[in-house]
Amino acid sequence: MNFSRRVLLKIAGITLIGAGVRPALEALGAGESPKTLASPNRLAGKRWAMAIHTQKCPAGCRECIDACHREHNVPDFGNPKDEVKWIWNEPFKDVFPGQEHRYIDERLKEKPVLVLCNHCDNPPCVRVCPTQATFKRQEDGIVMMDYHRCIGCRFCIAGCPYGARSMNFRDPRPFIKKINFQFPTRTKGVVEKCNFCEERLARGLMPACVEACKEKALVFGDLENPASDIRKLLQAQLTLRRRPELGTKPQVYYII
Amino acid sequence: MFDPGKVLPGLVIFLILLTFPFWYGKGRTAPPALPVDTPEIQKLSVKKCIEPTPFMKASHMELLNKWRDAVVRDGNHLYANHEGKKFSMSLSQTCLGCHSNKEKFCDACHNYSGVKPNCWSCHVVPQEGRT
Amino acid sequence: MLEKALIGDRKYWTWVGFLILLIGMGGFYYLRQLDYGLGITGMSRNVSWALYIAQFTFLVGVAASAVMLVLPYYLHNYKAFGKITILGEFLAVASVFMCVTFIIVDLGQPARAFNMILYPSPSSILFWDMIVLSGYLLLNVAIGWTVLASEKKSIPPPKWVKPLIYLSIPWAISIHTVTAFIYAGLPGRSFWLTAVMAPRFLGSAFASGPALLILLCFILRKFTRFDAGKEAIQALAKIVTYALIASIFFVLMEIFTVFYSQVPEHMQHFQYLFVGLHGHYALVPWMWAAVILAAIALMLLINPRTRQNEVLLAVACAAVFASLWIEKGLGLVVTGFIPSPLEKITEYYPTGPEVAITVGVWALGLLILTVLYKIAIEVKVEIEE
């Protein structure tokens, strides 16, 4: 046969390129596609933030925690090793290490302070994510999780200075007491955290924790709106933020 | 090195094996009939899906991927279809809201095609009206 | 040349069979891990990186150490290393392979690993680590294989190998620097937030890698007809000595900064490691073992008489490798999480499945190393005849 290997390879190569022409043309010439839109009755804000009146929290109260975990199908594994939590209480001395001293009232040292993701303006977790599964929304500053894209590498957990993130070391489904069918669960192998209830904001509702608090201890609003309650609150009082010297620009403000 | 006695039968056997998935099942099993008579669909005045059926059959996974990126990454929760009609972009609430018969509808076709989508490990299947 | 790995004596096949057994066991437990989730390991909400990532960190150092053979030989014509650069390059290949495997094994959703390529994220150090590790693997495979094949045919290697060799030198430095950056750039982890992290990594890499190489040369001399030569081994021993001194010096620098400044946030981690913190002291015996091993190794290596005694040199190299494995493979990663950002101390203990998977991955790397070394030895011995 007068047919060299080189000629065969040339023909095969051209055939392969030719086979790719139609898909390429189809992709380029795709027609007008339907649109995705923002919900019309959503709460609009340019920089969501939260302020917490720690003095208003009654001892042993868990209304906000239970509301959040119920709403978002957060599992209860029953052991601290696998624990997943979006919002919880820690003693004052652990939330603000370095602020407590020998002469501080013992009750203040152990006083429970609410902690959650701070939705930082300069989030290290977003910086380190290798797939942008966690990302900062430009429109409103919320640090979001894309559970579809997360590969479970846990670099974000290492990067978070606040311990706000939890890894699903096991399948969470069997450990959700009562599934909320309006919201998905997560699956094993992805990292999760508070999302400032972006799905409720899209429906014109306040975050679950804010709504559940009977003492009105949680104030949520848009810092870029000078008329918002939170903006006025921050101007009226000195507030503490967690580890501000790290430059993360956290957006949860504490009134002690 | 062309030994026709070995190469040609070899090629024929190779082609038979290569095309095995395409000819083996022909005529043995028919694609399942997908029932669209759920109570929720029967309550609709206009019995139309988000998009025309041929489009949905061919591209529902691409549509869902688009919805996923729009909801999660862009923060948009509303979809305007070809006719401008608006829907909330939710697999569990919108799609399964009408097609509440997941086993007879989604799973039947997926099992037939040998497809295992992993949406259900996170996206809960609504209990109400399940057939 | 691959066929050279398929011929061997009884000892060779026993060793290979043993490795395959360990790999099988690791594979079995990995399937269990895929089913149950990473909760099957000892990792917890507070200690979210542990044995797997620690092995990856340690092995990147071993991989980088190939440069300690390549640089003197190719840049400075140090002829004594000519026989063994291939051993360094093949050790790098096996090590990098283990690194990547340990990362995959540590992922919660490994099937999605391709997302790192679909959605490149240049702000993430893991992205750059993927690039430099893959590049280094390809470089060493290409260089090692080509040079070996050319030696086999008794012809000079093709011209394009030289620029690749020169590239592999800064590239080796980069792989471990980038790995150090994974830790050193995190604002919330005060144990890792130190500029000396990358220098420390390199120092311990250039001590542990060549130490392992010396041990491998001794093993090869015992079981095969390949002799690296006394000069090469002694030169490597001097490299281990100076790198060990640098490593120890860097650790002492850390200890000074932390304890002289008296900043509690920084002191806590070192207290946990060496004296225990708030009643928790799981790593204290390990760290002091590492200190003692390093001291023994230093004394043996610094004295030329003991360094030239090959039995004592082997002891010293094993001590260096063990000490740095403890320091980097256990002490570094886990301690970054203790205490947690909320001042909690959650100690870490690896579980059985976790150890089985780890051993399985090491066995996989050793198998690749065995196969590659077998090929290299056969070729080298062949051309000498």
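Given the structure is predicted, the values throughout are model-derived calculations rather than measurements. (Residues numbered from 1 in each chain as written. Chains lettered and ligands numbered in written order. Predicted model: local features only at pLDDT ≥ 70, side-chain atom pairs only at ≥ 80, totals over all residues.)

## A word on the overall build of chain C
Across its full length, chain C carries 14 helices and 0 strands. Each helix (α) and strand (β) of chain C, taken in turn from the N terminus, gives the series α-α-α-α-α-α-α-α-α-α-α-α-α-α. C-alpha extents for chain C along the principal axes are approximately 65 × 50 × 40 Å. In chain C, which comprises 385 residues, the proportion classed as buried is 47%. (Helix = DSSP H or I, 4+ residues; strand = E, 2+ residues; numbered from the N terminus. Buried ≥ 20, exposed ≤ 12 C-beta atoms within 10 Å, placed from the backbone.)

## Let's talk about the overall build of chain B
Helix and strand counts for chain B stand at 6 helices and 2 strands. N-terminal to C-terminal, the α/β element order of chain B is α-α-α-α-β-β-α-α. In terms of C-alpha radius of gyration, chain B reaches 21 Å, well past the compact-globule figure of 14 Å for 131 residues. When the backbone C-alpha atoms are referred to their principal axes, chain B occupies close to 65 × 35 × 30 Å. A burial count over chain B gives 13% of its 131 residues as buried. Sequence-distant contacts, at least 24 apart, represent 62% of the contacts inside chain B between residues at least 6 apart. (Rg over C-alpha atoms; globule rule 2.2 N^0.38 Å. Contact = placed C-beta atoms within 7 Å.)

## Remarks on the nonpolar core
Judged by nonpolar contacts, the single largest core of 185 residues is most densely connected at Leu218(A), Ala50(C), Ala63(C), Phe90(C), Cys99(C), Val240(C) and Val320(C). Excluding residues that lie within four positions of it along the chain, Ala50(C) makes contacts with Thr41(C), Gly42(C), Met43(C), Val333(C), Val334(C), Tyr348(C) and Pro350(C). (Core = buried A, V, L, I, M, F, W, Y, C linked by C-beta atoms within 7 Å.)

## Here we look at helix α13 (residues 310-335) of chain C
Every α-helical turn comprises 3.6 residues, leaving residues that sit three or four positions apart pointing alike. Helix length check: α13(C), at 26 residues, gives a terminal C-alpha distance of 36 Å against a target of 38 Å (1.5 Å per residue), a fit within 8%. Taken across its 26 residues, α13(C) has 19 buried, putting it largely inside the fold. (Expected span 1.5 Å × (residues − 1).)

## What about the arrangement of the chains?
Among the 2 pairs of chains in contact, the pair with the most contacts is chains A and C. At their nearest point, the C-alpha atoms of chain B and chain C are still 12 Å apart, with no contact between the two.

## Focus: the sheet that holds strand β2 (residues 48-53) of chain A
All names here are of chain A. What the 3 strands build is an open sheet, ordered β9-β2-β10; its pairing is mixed. The sheet is open, and its two borders are formed by β9 (218-222) and β10 (252-255), each paired with just one other strand. Direction aside, the axes of adjacent strands within the sheet are offset by 20° on average. Summarising the sheet, β2 and β10 pair through 4 bridges and their orientation is parallel. For His53, the partnering residue across the bridge sits in β10 and is Ile255. Helix α10 (residues 229-236) rests against β2, β9 and β10 of the sheet, and its axis sits at about 110° to β9. (Pairing = 2+ DSSP bridges. Axes fitted to C-alpha atoms, helices over the stretch in contact; angles between N-to-C directions.)

## What to know about the packing of helix α4 (residues 85-106) of chain C against helix α6 (residues 125-152) of chain C
Residue and element names in this part refer to chain C. It is the contact of α4 with α6, at a shortest axis distance of 9 Å, that shows an interaxial angle of 150°. Judged by the sense of rotation from one axis to the other, the crossing of α4 with α6 is left-handed. Between α4 and α6, the residues in contact are Ile86, Glu89, Phe90, Ala92, Val93, Val96, Phe97, Cys99 and Val100 and Leu133, Tyr136, Leu137, Asn140, Val141, Ile143, Gly144, Val147 and Leu148, respectively. By residue class, the composition of the contact of α4 with α6 is 15 nonpolar, 2 polar and 1 charged. (Left-handed = near helix turned anticlockwise from the far one by under 90°. Nonpolar A, V, L, I, M, F, W, Y, C, P; charged D, E, K, R; others polar.)

## Points about the interface of chain A and chain B
The interface is formed by 21 residues belonging to chain A together with 22 residues belonging to chain B. It is strand β1 (residues 35-37) of chain A that contributes the most residues to the side of chain A that touches chain B, 3 residues altogether. Here the residues of the side of chain A that touches chain B sort into 9 nonpolar, 6 polar and 6 charged. In terms of strand pairing, β1(A) meets strand β1 (residues 78-80) of chain B through 3 bridges, oriented antiparallel. Directly across from Thr36(A), in β1(B), lies its bridge partner Tyr79(B).

## Describing the interface of chain A and chain C
Contacts between the two partners involve 40 residues from chain A and, on the opposite side, 31 residues from chain C. Residue assignment for the side of chain A that touches chain C shows that the elements contributing at least two residues are α6 (124-128), α7 (155-159) and β7 (166-167) of chain A. Sorting elements by how many residues they give to the side of chain A that touches chain C places α7(A) first, with 4 residues. In terms of residue class, the side of chain A that touches chain C is made up of 19 nonpolar, 10 polar and 11 charged.

## Some words on the pairing of strand β4 (residues 112-116) of chain A
Working note: regular strand, side chains alternate between the two faces of the sheet. Residues and elements named next belong to chain A. Where burial is concerned, most of β4 is hidden: 4 out of the 5 residues are buried. As judged from the 5 bridges shared by strand β3 (residues 87-91) and β4, these two strands associate in the antiparallel manner. Paired with Ile87 across the bridge in β4 is Leu116.

## Here we look at the sheet that holds β1(B)
Taken in spatial order, the 3 strands line up as β1(A)-β1(B)-β2(B) in an open sheet, and their pairing is antiparallel. Each having just a single partner strand, β1 of chain A together with β2 (86-88) of chain B make up the two edges of the open sheet. In this sheet, adjacent strand axes meet at a mean angle of 30° when their direction is disregarded. Relative to β2(B), β1(B) is paired through 3 bridges, and the arrangement is antiparallel. Bridge assignment links Ala80(B) to a residue of β2(B), and that residue is Lys86(B).

## A closer look at the confidence of the model for chain C
A residue-level look at chain C finds 100% of positions with pLDDT of 70 or above and a mean pLDDT of 95. Two numbers describe this predicted complex: its pTM, 0.91, and its ipTM, 0.93. (pLDDT = per-residue confidence, 0-100.)

## Describing unusual backbone geometry
If a residue is not glycine, its phi is most likely negative; likewise, a peptide bond is most likely trans. In this structure, Pro339(C) follows Ile338(C) across a cis peptide bond, with omega equal to -5°. Take Pro339(C): it is sitting in the loop between α13 and α14 (352-384). Within the chain, His119(A) stands out as a residue other than glycine whose phi angle is a positive 45°. Relative to the helices and strands, His119(A) resides in the loop between β4 and α6. Given 26 C-beta atoms within a 10 Å radius, His119(A) is considered buried. The phi angle at Glu343(C) is positive, at roughly 65°, despite the residue not being glycine. Within the fold, Glu343(C) resides in the loop between α13 and α14. Judged by the 16 C-beta atoms lying within 10 Å of it, Glu343(C) is partly exposed.

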